[in-house]
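Coordinate inspection notes
Residues per chain are reported as follows:
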Amino acid sequence: MDEPIDTENTTLLRDFNETQSNHEWSPFVCEGPSHLPTFKVSLYLNNLRFDGCGCSKKKAKIDAIKNFNLYSLNHGTSSKANHTVESDIQVRKRKCTEDMIENSLSKKLAIEHQVAEHQTSAICILHEIFPGQTLIYEHEQSHGILETISVIVSGNKYIGYGKSKKEAKEIACRNALKSLYDVQPIDNKFKTQIEMLRTDYNDAKIIDHFARITDIVYQKLEFDQIKFKEYSVIASIIKMTKDDLRSAEVICLATGTKCLSGNYLSLSGESLHDCHAEILTRRCLLKFFYKELMESVKGLPSIFISDDKKCKFKLVEDIAFHLYINTAPCGEARVFSFCDTEQQSNRLNRGLLRSKIENGAGTVSVFGREVQTYDGVAQGERLVTMSCSDKLTRWNVLGLQGNLLSNFVEPIYLESISIGSMFNINHMKRTIYGRIENSIDKLPQNYKLQKPQLRGYGILPRRSVTLSPHCVNWIINEEIEIIKGSMGRTVENKLSRVCKTSLAKEYIKLCNATNNLSTLIDNETNIFYDSLKNKNKNYVTAKNELLSTFKSLKLGTWVHKPEELKSFELNVGNAINKIDIIT
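Residues numbered from 1 in each chain as written. Predicted model: local features only at pLDDT ≥ 70, side-chain atom pairs only at ≥ 80, totals over all residues. Heavy atoms only, no water.

The next thing to look at is the UniProt feature "domain: DRBM" (unreviewed entry) in the protein. What UniProt calls "domain: DRBM" (unreviewed entry) maps, in this numbering, to residues 1-67 and 148-182. The distance from the first to the last C-alpha atom of residues 148-182 is 25 Å, and the span holds 46% helix and 37% strand. (UniProt positions renumbered as here; feature names shortened; annotations may be inferred. Helix = DSSP H or I, 4+ residues; strand = E, 2+ residues; numbered from the N terminus.)

Here it is, written out as structure tokens:
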């Protein structure tokens, strides 16, 4: 339903212009993200200055006029009185903050915030540019938290995502205008507005492409039951050559918002602890890495090539990996993005480590829960799992490959992170690297603090009142796997292909195939999983440096899973067909 016209404020502005001819306006200042800008302006009248702010230039002016009227009323003067004092700064700051919070939480479309009221919508511009052409709009299938609308212009389809169909339609038309700008004559009266839309065109084009190819892959997956296909969060990892967007290929993807329930903890590494989409996707990437390394060992085409030592590998030149998530990761990157007014950028609780809620949504600070034990969880204490935001920070120091694969490859870092909604560049920078960049400086050789390119949309998605208990993961050239998040196992109650034991088997196979048994154990056939992970000294050193940095900055202590969960035994016999897990 369209928002009713605010005739009262429109009349206020008209009456002011008619009665106050001696006023002046300062130039507008635009602050905040492009999807939710805040305009600020100052009104100069009778040697007074009255500041106003709002989500459009018109509303900023109206706010300044209201401050002028309030001052006149409080001081018992007519609107033409001549005084030399300014309106109360504290009142204006408070009012500005309240207005911005109200705007960010309101039910108004985010797109209406971005286009000032005197501007024409992209839908109208597109129809005016193509007056004789019937533009075809289609409601694309989408199972996520955003609506998807496409518009076909001159045979080309352009996609838009939004929290409502109206918003998605507007964004689809914007994307069409951005793309057509260089090839289609544009009326001069729209040129400035379209140029403004194109300021983020390159980033928007990449995000839209990543979202589109992710959705294409997902829609082609075959599900036994439609309930498994529904999701609120989806993430994918995309392989790309250099900056060639045409080479972008989805390697793996996952959906999910659930964590393991403490009732299903496994002492044998058989349960997935974290089934949030981005975490599952990265575990799928590990499985993909193992497969590609085995292909390289066999002399087949692979993303990895052997170095001179024959037991180490490196990525083929110019290959990079990009992460796409349809909404901001839980924790630090997300918690402040609902109604950020930028008024308290240094508040003490920003940057803190956070943990997920067992069987729930959202995150809480880790303070007061630095250690968890197996018997404590067994007696009812909630199982602590670190937030996705904190895990992203960790990947940007330790790499995507993890501990075990670090014995075969150098750290592999994300080239970029693209967020489909609830993106705030300041919060993302702080999350990914900003909170530790000036303090972490003792990393071993080849490790670094990666600063991936960050891009995203700040659209506030529709509220999702129900979260699916099922999580889907897919790896290129493999079938889908459906996990029940609270159990950490497949819906058939089988081990996931990306749980600890499954990936440990892949690691042992790789060690045998490369005859690189030094990372396992000498003259024995069994080893404990935690002992295996302690063998890569550089990785352990880098991890300890990261965690100690968090602690020294008073951001919190990284909460590990109970030690008992890491001490299961592995069989490392040389015969691959004899590899087994001793439970």
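Turning to the packing of helix H12 (residues 388-398) against helix H17 (residues 537-552), a few remarks are in order. For the pair H12 and H17, the least separation of the axes is 10 Å and the interaxial angle reads 135°. Accordingly, the angle class assigned to the pair H12 and H17 is oblique. As for the relative orientation of H12 and H17, their crossing is right-handed in sense. Contacts from Thr-393, Arg-394, Val-397 and Leu-398 in H12 reach Tyr-539, Ala-542, Lys-543, Leu-546 and Phe-550 in H17. Here the residues of the contact of H12 with H17 sort into six nonpolar, one polar and two charged. (Axes fitted to C-alpha atoms, helices over the stretch in contact; angles between N-to-C directions. Parallel < 35°, antiparallel > 145°, perpendicular 65-115°, else oblique. Left-handed = near helix turned anticlockwise from the far one by under 90°. Contact = heavy atoms within 4.5 Å. Nonpolar A, V, L, I, M, F, W, Y, C, P; charged D, E, K, R; others polar.)

The sheet built from eight strands is open, its strands ordered E19-E18-E14-E8-E9-E20-E21-E22 with mixed pairing. Single-partner strands in this sheet number two, and they are strand E19 (453-456) and strand E22 (489-490). Summarising the sheet, strand E9 (residues 249-255) and strand E20 (residues 470-475) pair through three bridges and their orientation is antiparallel. Paired with Ala-254 across the two strands is Asn-473, which belongs to E20. Across the sheet, helix H9 (residues 277-297) is in contact with strand E8 (234-241), E9, strand E14 (319-325) and E20; its angle to E9 comes to roughly 135°. (Pairing = 2+ DSSP bridges.)

Here the structure, examined in full by the defined rule, presents 17 salt bridges. The salt bridge partner of Arg-174 is Glu-170, with a shortest N-O separation of 3.4 Å. Of this pair, Arg-174 and Glu-170 are both found in helix H6 (residues 165-180), four residues apart, which corresponds to roughly one turn of the helix. The partner of Lys-451 in a salt bridge is Glu-437, and the shortest N-O contact between them spans 2.7 Å. On the criterion of sequence distance, the pair formed by Lys-451 in the loop between helix H14 (425-434) and E19 and Glu-437 in the loop between H14 and E19 is long-range, its members being 14 residues apart. Taking the relative accessible area as the measure of exposure, Lys-451 reaches 48% and is therefore partly exposed. If you follow the salt bridges from partner to partner, you end up with Glu-138, Glu-140 and Lys-157 in one network. (Salt bridge = Lys/Arg side-chain N within 4 Å of Asp/Glu carboxyl O. Buried < 20%, exposed > 50% of the residue type's maximum accessible area, 1.4 Å probe, protein only.)

What follows covers helix H15 (residues 500-514). End to end, H15 covers 21 Å across 15 residues, agreeing with the expected 21 Å (1.5 Å per residue, within 8%). The element H15 is largely enclosed, with a buried count of 12 among its 15 residues. For H15, the full list of buried residues reads Lys-500, Thr-501, Ser-502, Leu-503, Ala-504, Glu-506, Tyr-507, Ile-508, Leu-510, Cys-511, Asn-512 and Thr-514. Phi turns positive one or two residues past the end of H15, at Asn-515, with a value near 55°. (Expected span 1.5 Å × (residues − 1).)

Here the focus is H14. Along H14, the positions that sit buried rather than exposed are His-427, Met-428, Arg-430, Thr-431, Ile-432 and Tyr-433. Those residues of H14 hidden inside the fold are in contact with helix H10 (332-335), H12, strand E18 (414-419) and E19. For H14, the capping residue at the N-terminal end is Asn-424, with a side-chain oxygen 3.0 Å from the backbone nitrogen of Asn-426. (Polar contact = N/O pair within 3.5 Å; in protein donor to acceptor, adjacent residues only side chain to side chain.)

What follows deals with the sheet that holds strand E15 (residues 354-356). With antiparallel pairing, the three strands of this open sheet are ordered in space as E16-E15-E17. Of all the strands in the sheet, the pair left with one neighbour each is strand E16 (363-365) and strand E17 (385-386). Two strands pair when backbone bridges link them, and E15 and E16 are joined in this way by three bridges, in the antiparallel orientation. Bridged to Arg-354 within E16 is Ser-365.

The next subject is the state of the cysteines. Scanning the model with the defined rule gives zero disulfides in all. A disulfide-free cysteine, Cys-173 has its sulfur positioned 9.0 Å from the sulfur of Cys-124, the nearest such atom. Take Cys-284: it sits in no disulfide, and the sulfur closest to it among the cysteines is that of Cys-252, at 5.5 Å. Owing to a relative accessible area of 0%, Cys-284 belongs among the buried residues under this scheme. (Disulfide = S-S within 2.5 Å.)

Now for the side chain of Arg-455. Along the polypeptide, Arg-455 turns up in strand E19. A polar contact of 3.1 Å, which involves the side chain of Arg-455, links it to the side chain of Ser-416. At 2.9 Å, the side chain of Arg-455 and the side chain of Ser-418 are in polar contact. Apart from the residues lying within four places of it in its own chain, the contact partners of Arg-455 are Asp-203, Ile-206, Ile-207, Phe-210, Ser-416, Ile-417, Ser-418, Ile-419 and Phe-423.

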